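# An overview of the molecular structure
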Amino acid sequence: MPDQKETYRSYIHRMSTGEGDPGSQIAGMIAAQMLMAEAPPGAEVDEARILELQDKLIRQTSFLKMMQDPETPELAARGDGTGLVLKLADKENERRQELNIYARTPEQAPADAGFLKNVLSSLEDRSHGKSPLQLEQNSRRFYDMVKELDAARMACEQGAALDALQVRKLIHVCQRYIDGKEKIPGGEQERAAYQQAMCTLKQFMPEEEFSRYCRSINRAQKAKSPAHSRYADPGAFEAGRLSGDVRTAKEILWDARRELSRGIKLTDCATVAAVQELSKGNPNALIGKEELEKTKQKLMSPGSAFRKTMSDRTALRHFASLASKGKVMEMGRSMVTAAREHSVRTAQWHMNRSSEALVKGNLSGKAAVDHLANVLSAREIAVSASAQSQITNKAFQQKAETLKNDPSFADLASRYLKEPAFQTRINHSLQENNSAMDLEKAYEETKNPVKTPEEALNSH
């Protein structure tokens, strides 16, 4: 008696009751169910085609998702090939819906084309030594990334929106390049095109996914603080970094250190101080080119606390010593601190001079008003002291004149002149602590008088 041929249905039944790898068995059942739909009733199973289709199914993301569904083993145990095919179709639909968040629109294509063109151009930039293209000439991962960047650029330049799979592939090659062969988020060492790759991820990844990736880098690099050199801040990878319009504090300081190694100059010192002022010591803080230049000009303007500090030979020798050792961050902190202290000392001198005049008494009404304005304006400068503060006599005079035009100050001065008890209290506080805190408090109360309960009720 000849061997009975095996049909697709009997093959599905055999897979459902057999032993072995569940994934291979379920993939085989799905493959048989699909092929059975194409074959005539009772057709003999084509195992070669089943194995070919089975191999493709096992590698699909939707199949892997299906295998995680608790209903899948139950369908397989019942030999429900149709149910498994439908389950796989559901998972494929879910996968496609998840991918939709990556798809770009036709309206985004021109901007994406410009962005990708800037990324590729920056890979050849030699303005700070060798370009990433030169440094990564032996890296397969780098060239895989460049290939996908260029393909995406060409598609966008032709007006085609990148579909979800194209974007996912671009994201994959960028992460693969960043993480390196060790597959460590951020890489064992920062790659030459790290900035370009991270900017690309920032451009095309969903915001929350990019934030998670940055957090994974920070964990892997043990970067707990933004001050850490390997800290990945999601907000630090703006497109402006590709053109140089926006740079991190450490990138600017790196260039400044190179310039300072050739000799100390005011403009380079101002760059370092400006970075300290703008970054607050965070090496990963983003600083715009215009913002940096504006701050430098304020620092270098005649009469600024920074300019006055830089004319101190002892301080200058200290700054030059730090520069010669390449300690530019410490140099920036030191310059800004010294300039602030200079500003505070100058403001305190103006406060003391006018406070003494008020305490001694025997002043004309106008002189008393002038000194009150000097004390308050000098205190304001002292409290808000910075390296950019103007600390010339003219600057203090101008601030005092502006203050005298304030109606609230006029009320305060009038009270000081007309109420002996108030004048005595203010003079006593000026003599006691030299901080003018009570005078400032009285000024604030004049500007914002405390309302009675009835007044507060009527104001609503």
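Right above here is the structure, for reference.
Residue positions are given per chain, counting from 1 as you read along its sequence in written order. Totals for whole chains, interfaces and linings use all residues, but because this is a predicted model, local features are given only for residues with pLDDT of at least 70 and pairs of side-chain atoms are given and counted only at 80 or more. Side-chain descriptors were evaluated using all non-hydrogen atoms of the structure, hydrogens and water having been removed beforehand.

Now for the pattern of salt bridges. Pairing between side chains becomes possible if they bear opposite charge and their charged atoms approach one another. Note on definitions: salt bridges are taken to be side-chain nitrogens of Lys or Arg within 4 Å of carboxyl oxygens of Asp or Glu. Considering all chains together, one arrives at 33 salt bridges under this definition. Between Glu148 and Lys169 there is a salt bridge, with the nearest N and O atoms lying 3.4 Å from each other. Residue Glu148 is found in helix α9 (residues 140-157), and its partner Lys169 is found in helix α10 (residues 164-179); the two are separated by 21 residues along the sequence. Remark: exposure states derive from per-residue accessible area (1.4 Å probe, protein chains only) relative to the maximum for the residue type, with buried under 20%, exposed over 50%, and partly exposed in between. A residue is classified by how much of its surface remains accessible, and Glu148, at 15% relative accessible area, is buried. Beyond isolated ion pairs, a larger network of salt bridges with shared partners links Asp69, Glu71, Lys87, Lys91 and Glu94. A run of DSSP states H or I qualifies as a helix once it reaches four residues; a run of E qualifies as a strand once it reaches two. Both are numbered from the N-terminal end.

With respect to the helices, strands and loops of the structure, His350 is situated in helix α19 (residues 328-360). For His350, a relative accessible area of 7% gives the class buried. Two residues qualify as a contact provided that any one of their heavy atoms is within 4.5 Å of a heavy atom in the partner residue. Once residues lying within four places of it in the same chain are set aside, the contact partners of His350 are Ala378, Asn393 and Phe396.

Turning our eyes to something else, we now look at the nonpolar core. Membership of the largest hydrophobic core comes to 55 residues, with the highest contact counts inside it found for Phe306, Met331, Met335, Phe409 and Leu412. The residues contacting Met331, other than those within four sequence positions of it, are Leu260, Ile264, Cys269, Val272, Phe319, Leu322 and Ala323. Residues belong to one nonpolar core when they are buried, are Ala, Val, Leu, Ile, Met, Phe, Trp, Tyr or Cys, and are joined through side-chain atoms within 4.5 Å. Within the second largest apolar cluster, 40 residues are counted, among which are Ala164, Leu170, Cys174 and Phe204.

Let us look at empty space enclosed by the protein. The way it works is a 1 Å grid over only the protein atoms, where trapped points that fit a 1.4 Å probe form a cavity and open points with protein on both sides within 12 Å along at least five of seven lines form a pocket, and then any residue with an atom within 4 Å of a point lines it. Grid points are joined across faces, edges and corners, and a volume is the space filled by probe spheres set on the points. Scanning all chains against the criterion turns up one cavity of 30 Å³ or more. For the largest cavity, the calculated volume is near 50 Å³. Those elements giving two or more residues to the lining of the largest cavity turn out to be α14 (249-260), α15 (266-279) and α19. At four residues, α15 tops the list of elements feeding residues into the lining of the largest cavity. Classifying every residue of the lining of the largest cavity by side-chain character gives six nonpolar, five polar and no charged. The classification used treats Ala, Val, Leu, Ile, Met, Phe, Trp, Tyr, Cys and Pro as nonpolar, Asp, Glu, Lys and Arg as charged, and all other residues, Gly among them, as polar.

A few words on the packing of helix α18 (residues 313-324) against α19. Think of two packed helices as two axes; the pair is described by the angle between the axes and how far apart they sit. Between N-to-C directions, angles span 0 to 180 degrees; the directions come from axes that are lines fitted to C-alpha atoms, helices contributing only their stretch in contact. At a minimum axis distance of 9 Å, the contact between α18 and α19 shows a crossing angle of 165°. Classified by the angle between their axes, α18 and α19 sit roughly antiparallel to one another. For the crossing formed where α18 meets α19, the hand is left-handed. In this structure, α18 uses His318, Phe319, Leu322 and Ala323 to contact α19, whose residues at the interface are Glu330, Met331, Ser334, Met335 and Ala338. Classifying every residue of the contact of α18 with α19 by side-chain character gives six nonpolar, two polar and one charged. Note that the term roughly parallel is reserved for angles under 35 degrees, roughly antiparallel for angles over 145, roughly perpendicular for angles of 65 to 115, and oblique for everything else. The crossing is said to be left-handed when, going from far helix to near helix, the turn is anticlockwise and less than a right angle, and right-handed when the turn is clockwise.

So, on to α18. Compared with the 16 Å implied by 1.5 Å per residue over 12 residues, the 16 Å span of α18 between its first and last C-alpha is a close match. Buried within α18 are the following residues: Ala315, Phe319, Leu322 and Ala323. In a view along the axis of α18, the buried residues occupy a sector of 100°, so they form one face of it. Away from the buried face of α18 by more than 90 degrees, exposed residues Arg313, Thr314, Arg317 and Ser324 are located. A distance of 3.0 Å separates the backbone nitrogen of Thr314 from a side-chain oxygen at the start of α18, and that oxygen is part of Asp312. Among the residues trailing α18, Gly326 stands out with phi positive, at a value near 75°. By this rule, a helix spans an expected 1.5 Å times one less than how many residues it contains. As used here, the arc belongs to the directions running from the helix axis to the C-beta atoms. Here a polar contact is recorded for every N or O atom pair within 3.5 Å, except that within protein the pair must consist of a potential hydrogen donor and a potential acceptor, and residues adjacent in sequence are included only if both atoms are side-chain atoms.

Quick look at the environment of Lys202 now. For Lys202, the location among the structural elements is in helix α11 (residues 194-204). Measuring from C-alpha to C-alpha, the distance between Lys202 and Glu238 comes to 7.4 Å, with 36 residues separating the pair along the chain. Here the side chain of Lys202 touches Pro234 through a polar contact of 3.0 Å, landing on its backbone oxygen.

Time to look at the side chain of Ser386. When you line up the elements, Ser386 lands in the loop between α20 (365-383) and α21 (393-404). On the accessibility criterion, Ser386 (16% relative accessible area) is buried. Reaching out from Ser386, the side chain makes a polar contact with the backbone nitrogen of Gln388 at a distance of 3.1 Å. When residues no more than four places from it in sequence are discounted, the contact partners of Ser386 are Glu277, Ala305, Ala339, Arg340 and Ser343.

We now examine the packing of aromatic side chains. Stacked, edge-to-face and tilted labels apply to pairs of Phe, Tyr and Trp rings (six-membered ring for Trp) whose centres lie within 6.5 Å, assigned for plane angles under 30 degrees, over 60, and everything in between, in that order. Tallying each qualifying case throughout the model produces five aromatic pairs. Where Phe142 meets Tyr143, the ring centres are 5.3 Å apart and the plane angle is 85°; that geometry is what we call edge-to-face. Given the relative accessible area of 0%, Phe142 is considered buried. Their ring planes at 75° and their centres at 6.0 Å tell us that Tyr194 and Phe237 sit as a pair that is edge-to-face. Pair noted here: Tyr194 is in helix α11 and Phe237 is in the loop between α12 (207-220) and α13 (240-243), with a separation of 43 residues, a long-range link. With respect to class, Tyr194 is no different from Phe237; both count as buried. Pairwise contacts between aromatic rings join Phe142, Tyr143 and Tyr177 into one cluster. Here, over-ring charges are defined by two tests on the NZ atom of lysine or the CZ atom of arginine: distance to the ring centre within 6 Å, and angle to the ring normal within 35 degrees. Above the plane of the ring of Tyr102 lies Arg168, whose end atom (NZ or CZ) is 4.9 Å from the centre.

Here the focus is α9. Count 3.6 residues to each turn of an α-helix, and residues three or four apart come out pointing the same way. The end-to-end C-alpha distance of α9 is 26 Å, a good match for the 26 Å that 18 residues give at a rise of 1.5 Å each. Looking only at α9, the buried set comprises Phe142, Met145, Val146, Glu148, Leu149, Ala152, Arg153, Ala155 and Cys156. In the core, the buried residues of α9 are packed alongside α7 (109-122), α8 (132-135), α10 and α11. Looking one or two places after α9, you find Gly159, whose phi comes out positive at around 90°.

Function cannot be inferred from these measures alone, as they are strictly geometric.
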